[in-house]
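# Per-entry structural report
For reference, the chains in residue letters:
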Amino acid sequence: MIGIEDDSLLALINDNNNVIGSVSFSEYKKNPRKYKVLFIRVILLSEEKEFIFSTESFFDGSMYDTPYSTILKLGEDYETAFERLSKALPSVDMRFLLRYYKKSEKYDFAVCFYFAQQKIEEVKKYQEGVVLYPSEIGTDDVMGNDILFEEIDFIKKHIIPNLNLDINGNKA
């Protein structure tokens, strides 16, 4: 989690995305379903269309997740949180994909979901413990979480087939 420490105060939001209070990250981790927060998440693909994951997952029970995520802090606006995350991905063009809401027995949050590509050599300069998975993998082969699985499926269905298309829509 980029820029979030146990004593960080997270902004709590309501269903209208208004900040309504705060909670420390350490308290949030004890019962994330109790608090609604705003996540910014970036799924990164290598130049070979491999998913770039990390073994340092915030989500309980997950072995892998994107290393590029953060939560909106109290007193911070969206642009500031996005800038904090962007500093972890220098020289990368992040593309906004969608905003979605995830409410389950474990979590309740809003997600601003981004996609980016970067050469693996560049990733390794700034991030330790990265794990590469070919984009052909099924989610049964990744020990992640349902949030990551849904994002993988979205990227595989809507993004990867359209990468490297020429102007006529033919694969380059």
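Report on the accompanying structure. In this text the structure is predicted, and so the values were computed from the model without any measurement.

### Focus on a nonpolar patch on the surface
A cluster of nonpolar residues, Leu 9, Val 19 and Leu 74, forms a patch on the protein surface that exposes about 250 Å² of accessible area. In this fold, Leu 9 is placed in strand β1 (residues 9–13). What makes Leu 9 partly exposed here is its relative accessible area of 43%.

### Quick look at the pattern of salt bridges
In total, this model carries ten salt bridges according to the counting rule given. The closest approach of N and O atoms between Asp 6 and Lys 29, which form a salt bridge, is 2.6 Å. Taken together, the residues Asp 6 in the segment before β1 and Lys 29 in helix α1 (residues 25–30) connect sequence positions 23 residues apart. Looking at Asp 6, the relative accessible area reads 40%, which means it is partly exposed.

### Some words on unusual backbone geometry
Despite not being glycine, Asn 17 shows a phi value in the positive range, around 65°. Its identity is not glycine, yet Lys 49 carries a phi of approximately 65°, on the positive side. Within the secondary structure, Lys 49 is located in the loop between β3 (37–45) and β4 (50–54). Taking the relative accessible area as the measure of exposure, Lys 49 reaches 21% and is therefore partly exposed.

Conventions adopted
- Residues numbered from 1 in each chain as written.
- Predicted model: local features only at pLDDT ≥ 70, side-chain atom pairs only at ≥ 80, totals over all residues.
- Heavy atoms only, no water.
- Patch = residues over 30% accessible without salt bridge, like charges linked within 9 Å, V, L, I, M, F, W, Y side chains within 5 Å.
- Areas by Shrake-Rupley, 256 points an atom, 1.4 Å probe, with all protein chains shown as cover.
- Salt bridge = Lys/Arg side-chain N within 4 Å of Asp/Glu carboxyl O.
- Helix = DSSP H or I, 4+ residues; strand = E, 2+ residues; numbered from the N terminus.
- Buried < 20%, exposed > 50% of the residue type's maximum accessible area, 1.4 Å probe, protein only.

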